[in-house]
Amino acid sequence: MGVPVKVLVTGSAGFLGRHAVRTFEALGHQVTGVDITAGIDCRYVYDSAEHFDIVLHFAAIVGGRAIIDGNPLAVAQTIALDVALFNYTQRVKPRHVVYPSSSAAYPIRYQQRLGHARLREQFINLRKPEQPDAMYGWVKLTGEQMAARVDGPSSVHIIRPMSGYGTDQDTSYPFGAFLARAQARANPFDIWGDGTQVRDWVHVDDIMATIVKLIDQDYTQPINVGTGIPTDFTTLATMMAGAVGYTPTINPLPDKPTGVHWRVADPTALHQIHTPRIDLAEGIRRAVC
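Keep in mind that this is a model prediction, so the values were computed, not measured. (Residues numbered from 1 in each chain as written. Predicted model: local features only at pLDDT ≥ 70, side-chain atom pairs only at ≥ 80, totals over all residues. Heavy atoms only, no water.)

Honestly, the pairing of strand β7 (residues 189–192) in this entry has me stumped. Any pointers?
A regular strand places its side chains on the two faces of the sheet in alternate fashion. Only one face of β7 is covered, namely the one carrying F189 and I191; the face carrying D190 and W192 has none of its residues buried. With four bridges joining them, β7 and strand β12 (residues 250–253) adopt parallel strand pairing. Each bridged residue has a counterpart across the sheet, and for W192 the counterpart in β12 is L253. (Buried < 20%, exposed > 50% of the residue type's maximum accessible area, 1.4 Å probe, protein only. Helix = DSSP H or I, 4+ residues; strand = E, 2+ residues; numbered from the N terminus. Pairing = 2+ DSSP bridges.)

I'm lost on the nonpolar core in this one. Help?
Side chains of a nonpolar character, in soluble globular proteins, are inclined to be buried together. Within the largest apolar cluster, 24 residues are counted, with the highest numbers of intra-cluster contacts made by V9, F24, L56 and I211. Discounting chain neighbours no more than four positions away, the residues touching L56 are V7, L8, V9, T10, F24, V98 and I211. With 21 residues, the next largest nonpolar core counts V34, A59, M146 and V150 among its residues. (Core = buried A, V, L, I, M, F, W, Y, C linked by side-chain atoms within 4.5 Å. Contact = heavy atoms within 4.5 Å.)

Looking at this model, I keep getting lost on the sheet that holds strand β13 (residues 262–263). Mind explaining?
Consider a sheet: its strands pair through backbone hydrogen bonds, and that pairing is either parallel or antiparallel. Spatially, three strands are ordered β11-β8-β13 in an open sheet, and the strand pairing comes out mixed. Where the open sheet ends on each side, the last strands, each with one partner, are β11 (231–232) and β13. Both strand β8 (residues 198–199) and β11 contribute to a ladder of two bridges, which runs antiparallel. Paired with V198 across the bridge in β11 is D232.

Explain the environment of W201 here, please?
Summarising the element assignment, W201 is placed in strand β9 (residues 201–203). Taking the C-alpha atoms as reference points, W201 and P94, 107 residues apart in sequence, are found 31 Å from one another. Excluding residues within four positions of it along the chain, W201 makes contact with S163, Y165, P174, F175, T227, T231, F233, L236 and L280.

Could you clarify how one ought to interpret the side chain of D41 in this entry?
By the element assignment, D41 lies in the loop between β2 (30–34) and α2 (42–46). Taking relative accessible area as the criterion, D41 reaches 13% and is therefore assigned buried. A polar side-chain atom of D41 sits 2.8 Å from the main-chain amide nitrogen of R43. Dropping the residues within four chain positions of it, D41 is found in contact with I36 and L81. (Polar contact = N/O pair within 3.5 Å; in protein donor to acceptor, adjacent residues only side chain to side chain.)

Is there a simple way to think about the environment of D35 in this case?
Tracing the sequence through the fold places D35 in the loop between β2 and α2. D35 sits 180 residues away from I215 along the chain, and the two C-alpha atoms are 23 Å apart. Apart from the residues within four sequence positions on either side, D35 is in contact with G11, S12, A13, G14 and I40. Looking at D35, its side chain comes within polar contact range of the main-chain nitrogen of S12, at 3.2 Å. A distance of 2.7 Å separates the side chain of D35 from the side chain of T37, its partner in a polar contact.

Teacher, can you tell me more about the sheet that holds strand β3 (residues 54–57) here?
Strand order in the open sheet formed by six strands is β2-β1-β3-β4-β5-β10, with parallel pairing between adjacent strands. With partners counted over all chains shown, the strands left at the sheet margins are β2 and β10 (223–225), one partner each. In this sheet, adjacent strand axes meet at a mean angle of 20° when their direction is disregarded. Sheet topology note: the strand β1 (residues 6–10)/β3 ladder contains four bridges and is parallel. (Axes fitted to C-alpha atoms, helices over the stretch in contact; angles between N-to-C directions.)

Help me understand the packing of helix α5 (residues 78–92) against helix α6 (residues 134–147) in this model?
Packed helix pairs are characterised by how far apart their axes lie and by the angle those axes make with each other. As a packed pair, α5 and α6 sit with axes 10 Å apart at the nearest point and diverge in direction by 15°. Comparing their axes, α6 and α5 come out roughly parallel. Judged by the twist between their axes, the crossing of α5 over α6 is right-handed. Between α5 and α6, the residues in contact are T78, I79, D82, V83 and F86 and V139, T142, G143, M146 and A147, respectively. For the contact of α5 with α6, a count of residues per class yields six nonpolar, three polar and one charged. (Parallel < 35°, antiparallel > 145°, perpendicular 65-115°, else oblique. Left-handed = near helix turned anticlockwise from the far one by under 90°. Nonpolar A, V, L, I, M, F, W, Y, C, P; charged D, E, K, R; others polar.)

Looking at this structure, how should I read the packing of aromatic side chains?
Working definition: an aromatic ring pair is given by the centre-to-centre distance plus the angle between the planes. The tally for this structure, following the rule as stated, stands at seven aromatic pairs. Summarising the aromatic geometry, the rings of Y46 and Y88 are spaced 5.5 Å apart at their centres and angled 45° between planes, so their arrangement reads as tilted. With Y46 in helix α2 and Y88 in helix α5, this residue pair connects regions lying 42 residues apart in the sequence. Summarising the burial analysis for this pair, Y46 and Y88 share the class buried. Relative to F123, the ring of Y110 lies with its centre 3.9 Å away and its plane at 15°, an arrangement referred to as stacked. One end of the pair, Y110, is in the loop between β4 (96–100) and α6; the other, F123, is in the loop between β4 and α6, with 13 residues separating them in the sequence. (Phe/Tyr/Trp six-rings, centres within 6.5 Å; stacked < 30°, edge-to-face > 60°.)

These figures capture arrangement, not role.
Next up, the structure:
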């Protein structure tokens, strides 16, 4: 992507959208960001004939586990945004479209307390989909179904991020919530669930680096974005508090929503594109400084 091109980032005020704007501006591209919080619905842009060379579609209705489990019909409205994206793609034919699916799209049978497995891209079969994680998982599977039906010259790049995180993530997500508690030196330190649930924490800078390389290499197979390293929530809380400089009592809240028990990527395919460079300890250090 040495030549500057026109880039559209939808959901540009959200966590991934903000970082996408910064990343592609830093590469010298002409970036247009749109977000409903600024009064611009991405569907207005998708209804137009304006051509963009790269479209990064981060517009979605989601707000962490509380929304995923507590308001599934709100989450389902994201499908309308995805439909608008792919109609635009068919009509206007941008060169590259980045569609963020999710690790939630994977069958939950691979993500249980017992019998779990590192998630491989091949575990999702769009011809015979299995039960994903909640309505959000079904939304992302539907988006992938639409992406698979795009005809024409557009390259659609599907990423399946694991638990993305970064310094500026809001408190509706675990990393942002844990960071706020650690910086407030909360004691006890609350954790939703029993604290043994496991995630694969991947830094937002590595997510953005992967996207850039997928476009550069014109890689169009769905791909995990994760480290392959399992870390449970109690360990994350302990690491976060330790980075701030205190040792709190961990307070599990088993009545709170937690999602699946074990979600970790098989990063084999990713390593052919990009090897994550920021480990969790370094990501926490950056966040607390």
